[in-house]
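# Remarks on the overall topology
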Amino acid sequence: MSTIHGGDFPDAPGNPSSGTVPESGPDERESLEQATDPVFLPKTHRILERRFMEFRPFGKDPSGTTIRDMSGVSIRSNVEYLEESVARTRGVEAGKRIVEELVNLLNGRIPDRAYHITSKFLKNPWTSYSNEFTAYLVEFCLDLSGDPNFQFNMGREKLIPPIIQTLMRPFSVAAIYRTAARWASHYAKSSYFLEGLDVTDGRAVLRMALMEQALRQFGPYRRACARIWCNALAVGIAVVPEKIHHLGLGAITHRQCIAEGDDCCEWEVRWAEPAPWYPGRRLATGLARQVLRKEITEREMVIVEQMNSLETRHEELQKAYMEVQQTAIELQRRVDHLTTLHEAGLTFTSTRDREVLLQHASETLIQKLYYDRVMIAFYNPLLQVLHGARLLGVSPEIAAFAEQIEVPVTDPTTIEGTVLLQGQPVMVNDLSQMLDRIHPLYRKLASQTGTNSFLSVPLKVGNWILGSLTVNRSQAHVFTQDDLGVVVTFANQLAVALDNVAAYREIEAFNIGLEQKVLERTAQLEAANKQLKEMDRLKSSFVSVASHELRTPMTSIKGYVENMLEGLTGVLTDKQTHYLIRIKYNVERLTRMISDLLDLSRIEAGRVELRLGPVPINELVNDVAESLQPLARDKSLALEVLHTSIIPVIQADRDRQTQILTNLIGNAIKFTPPGGTIQVKTQTMDDGFLQISVADTGCGIGADELPKVFDKFYRAEGTPTEAHGAGLGLAIVKSLVEMHGGRIWAESTPGKGSCFSFTIPLTQTIE
């Protein structure tokens, strides 16, 4: 057993400057497995050896259950103490930088971009986190702080927040230890269970056991993670007498520890009770309690009722916040999926090399959609054989084994038969339940790769099945219908691209000079292009439908937030009002993004018709500029309009021209720093066109990026981080300008500003 006084924690980890721990080599790992428990690594092997987090860090798990392993209060305590401790020794700016470094390290371990975090996010007490995320964060804090006693020092200063201290104060130290489970629930819902075993005045024995969810997430790193929890709870127990009743720090003796191989952690804590201030005080206090028993009981009941009410309110607010958070995560994931599918489609249509196409498709699925492994296999319908598999995400030896496999496909009830003979996708979330339906060679491959769940879909062009696309993960029960829909769409695009590549190779192989063969292949290519156009139409339709569906929850969220801000749910604190205003701002921003998506999908589907009418263009430019003057003034910008000539009334769609001007001037305001100038200029040209230019003194755009600024979803590398947007505005503007018969272009010098110009024909004017 070891006793802790002050900050002397046993087995404190080291301080690698990089914030990571190198993985053990094969020889070292083999010797460890022979010398120690084959399931659990020694406590010196930290969870940082796991390259990526395997569980969702917050929000909801794949089953839809809200993640509430660890409270955001605990996470905020670690982050704030890291910043403050560094600031005390190295300055305020260094403290801020160390938190940003922590954010970067954590994001580097979170494979799904929808769950990437910011420093502001980490300091939000309403978020709840997974046990795995908490372990990564604490390990990084230990490394970045350079303080081997970081947990003790943080715990003594920050672990028990003022609100909990206030709630605990009516209770004695012994009473707090007796009800340890209740107080621990404020910090962890599905992490550990803490109980007081033997509690008397001045002495208590407490025991902590990790819950199944924590053990599952820690995996082979159970002992190193348990050391974190053990140290944190030990200091939490030790500071109770000091923080609650100012009795001094308790003395902790470690009796058992999971990090040492025990089933639980157990401590004995001793503290100094207040000395009696007159003889017979204990007897007098006992007699007073007997006399005032009823009044004491009633007051204790009031305290308990107030605590329960406070906890209920806290739960309600946290639930509301987490619902909004989950909506934001899901929206980000949908946008990422759409962007990935769009970019993949563009690459597929421009690639003529089959192996390059297969490599790019596999890398996209792993790097952008975060699957562990991808296998693309080809089907020979004459021989009824699946062959030539390309497997990415494994060792070269396993990839070579997969490519050599030839699997007969004759039974439509097997997994392979369902995909290739019936043309139906298959989603398996627990491989152990489907082993009898998988060919033995694929069972062997699954065992070698550690696969526990997978999706397999046909590569289908019309009624012709080229093969199968399979993605898998080492975890079980992680795939959803959203995953299935995205992979099916991806496979359809890939199948069309593979068909095009095959057609291109056949055309090269044949004598191109033979007119008949050229005509036949051209017809096939035209059919394939029609299929691509149909896929593009379906994509636009999907964007439109998805955007419509997203509008309803956004409107509902905005309504609830406005109701709360108007006081319909009760009086709000300043902090609650601040958070709700930020939520309302972000909901409005998401609504604008959805409107852009709807506009773009309507334009691409050809459902936007111009309503031409007489438009006094100079007056229109003045009106739009005047409406945006408040935004310009807020940023201390000078917004001016210059008409170089009298412009006749032209035929145009007034609303769409307003949309074009609002977007261009709004962009200029967004990307121009305070004190800058924006000039809107109109002039007639000799070629029969009216030209309108919007020039600013903003950050500018690089020459290599200028041709891309009107592409959908494109954001220049130099775009300021505070300039939010989905990258759709300029793409919509370009389409609207071209619908009017004009053209649009951009000129820019980095660091000096940009000028966006577009033209409108003057041929149809009204005198």
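Details of the structure are given in the entry above.
Since the structure is predicted, the reported quantities are computational estimates derived from the model, not experimental observations. (Residues numbered from 1 in each chain as written. Predicted model: local features only at pLDDT ≥ 70, side-chain atom pairs only at ≥ 80, totals over all residues. Heavy atoms only, no water.)

Our next topic: the packing of helix α23 (residues 654–671) against helix α24 (residues 729–739). Relative orientation of the contacting elements α23 and α24 amounts to 145°, with a least axis distance of 10 Å. Of the two possible hands of crossing, α23 and α24 adopt the one that is left-handed. Here R656, Q659, I660, N663, L664 and N667 of α23 lie close against α24, whose contacting residues are G729, L730, I732, V733, L736 and V737. Among the residues making up the contact of α23 with α24, the classes are represented as seven nonpolar, four polar and one charged. (Axes fitted to C-alpha atoms, helices over the stretch in contact; angles between N-to-C directions. Helix = DSSP H or I, 4+ residues; strand = E, 2+ residues; numbered from the N terminus. Left-handed = near helix turned anticlockwise from the far one by under 90°. Contact = heavy atoms within 4.5 Å. Nonpolar A, V, L, I, M, F, W, Y, C, P; charged D, E, K, R; others polar.)

In this section: the sheet that holds strand β13 (residues 464–473). Pairing is antiparallel across the open sheet formed by six strands, whose spatial order is β10-β9-β8-β13-β12-β11. Single-partner strands in this sheet number two, and they are β10 (407–408) and β11 (426–428). When strand β8 (residues 373–380) meets β13, the two strands line up antiparallel, connected through six bridges. By the bridge assignment for β13, F378 is matched with G467. Across the sheet, helix α15 (residues 354–367) touches β8, β9 (385–392) and β13, and the angle it forms with β8 is around 140°. The strands that helix α18 (residues 440–449) touches are β8, β9 and β10; relative to β8, the one it contacts most, it runs at about 165°. (Pairing = 2+ DSSP bridges.)

Another aspect to go through is the pattern of salt bridges. Enumeration over the complete set of coordinates arrives at 22 salt bridges. The residue R76 makes a salt bridge to E80 at a minimum N-O spacing of 4.0 Å. Residue R76 and its partner E80 are located together in helix α2 (residues 72–90), separated by four residues, close to a single helical turn. What makes R76 partly exposed here is its relative accessible area of 21%. Ionic pairing is found between E93 and K96, a salt bridge with its closest N-O pair at 4.0 Å. Highlighted residues: E93 and K96, both in helix α3 (residues 92–107), separated by three residues, approximately one helical turn. Residue K96 is classed as partly exposed on the basis of its relative accessible area, which comes to 42%. Counted as one network, the salt bridges with shared partners bring together R46, E139, D143 and R227. (Salt bridge = Lys/Arg side-chain N within 4 Å of Asp/Glu carboxyl O. Buried < 20%, exposed > 50% of the residue type's maximum accessible area, 1.4 Å probe, protein only.)

Attention now goes to α23. Given a rise of 1.5 Å per residue, 18 residues ought to cover 26 Å, and the 26 Å separating the end C-alpha atoms of α23 matches this to within 8%. All of the buried residues along α23 are Q657, I660, L661, L664, I665, A668 and I669. Here the buried residues of α23 occupy an arc of 160° about the axis, which is enough to place them on one side. Of the residues that open α23, the one with a side-chain oxygen 3.1 Å from the backbone nitrogen of D655 is D653. (Expected span 1.5 Å × (residues − 1). Arc of directions from axis to C-beta. Polar contact = N/O pair within 3.5 Å; in protein donor to acceptor, adjacent residues only side chain to side chain.)

L102, L106, L122, L137, Y177, Y192 and W267 are the most contacted members of the largest nonpolar core, which has 82 residues in total. For this core, the element with the most residues is helix α11 (residues 222–238), which contributes 10 residues. Listed in part, the 42 residues of the second largest apolar core include V608, I678, V680 and F756. (Core = buried A, V, L, I, M, F, W, Y, C linked by side-chain atoms within 4.5 Å.)

This part takes up the pairing of β8. Counting buried residues along β8, seven of its eight residues qualify, which places the element largely inside the surrounding structure. One ladder, built from six bridges, connects β8 with β9; its direction is antiparallel. Its bridge partner lying in β9, N380 is registered against V385. The hairpin turn running from β8 into β9, its antiparallel successor, is four residues long, and Q384 in that turn takes a positive phi close to 55°.

This paragraph deals with the packing of aromatic side chains. Evaluation of the coordinates by the stated rule reveals 11 aromatic pairs. Consider the rings of F58 and F121, whose centres lie 4.8 Å apart with planes at 45°: the pair is tilted. Of this pair, F58 sits in the loop between α1 (26–35) and β2 (70–71) while F121 sits in helix α4 (residues 119–122), and the two are 63 residues apart along the sequence. Pair check on accessibility: F58 and F121 agree, each one buried. Between F710 and F756, the aromatic rings sit 6.0 Å apart at their centres with planes inclined by 80°, giving edge-to-face as the arrangement. Taken together, the positions of F710 in the loop between β18 (689–696) and α24 and F756 in strand β20 (residues 753–761) put the pair 46 residues apart, joining distant regions of the chain. R354 extends its terminal NZ or CZ atom over the ring of F378, reaching a point 4.0 Å from the ring centre. If you follow R743 out to its NZ or CZ, it ends over the ring of W745, 4.0 Å from the centre. (Phe/Tyr/Trp six-rings, centres within 6.5 Å; stacked < 30°, edge-to-face > 60°. Lys NZ or Arg CZ within 6 Å of the ring centre and 35° of its normal.)

With mixed pairing, the five strands of this open sheet are ordered in space as β15-β17-β18-β20-β19. Across the chains shown, the open sheet's two edge strands, defined by having one partner strand only, are β15 (638–643) and β19 (744–749). Within the sheet, the average angular offset between the axes of one strand and its neighbour, ignoring direction, is 15°. In terms of strand pairing, β19 meets β20 through six bridges, oriented antiparallel.

Where strand β4 (residues 192–200) lies against strand β5 (residues 203–210), eight bridges are found, and the strand directions are antiparallel. Bridge pairing in β5 places D198 opposite V205.

Glancing now at α18. Among the residues of α18, Y442, L445, A446 and T449 are the ones counted as buried. One side of α18 carries all its buried residues, which in axial view fall inside an arc of 100°. Along its buried surface, α18 packs onto β8, β9, α16 (396–404), β10 and α17 (415–420). Where α18 ends, the next residue or the one after it, G450, has phi of about 70°, a positive value.

Comment: phi is negative for the bulk of residues other than glycine, and the bulk of peptide bonds are trans. Here the phi dihedral of H246 falls at roughly 55°; this positive angle occurs in a residue that is not glycine. Position of H246 relative to the elements: it lies in the loop between α12 (240–245) and β6 (251–256). Backbone geometry at S636 places phi at a positive 60°, although glycine is not the residue there. Relative to the assigned elements, S636 resides in the loop between α22 (617–634) and β15.

A separate point is the state of the cysteines. A complete count under the given rule lists zero disulfides for this structure. The thiol sulfur of C257 is not disulfide-bonded, and the nearest other cysteine sulfur, from C230, lies at 3.8 Å. We note that C264 lacks a disulfide partner, and the nearest cysteine sulfur, in C265, lies 7.0 Å from it. Note on C264: relative accessible area 10%, which makes it buried. (Disulfide = S-S within 2.5 Å.)

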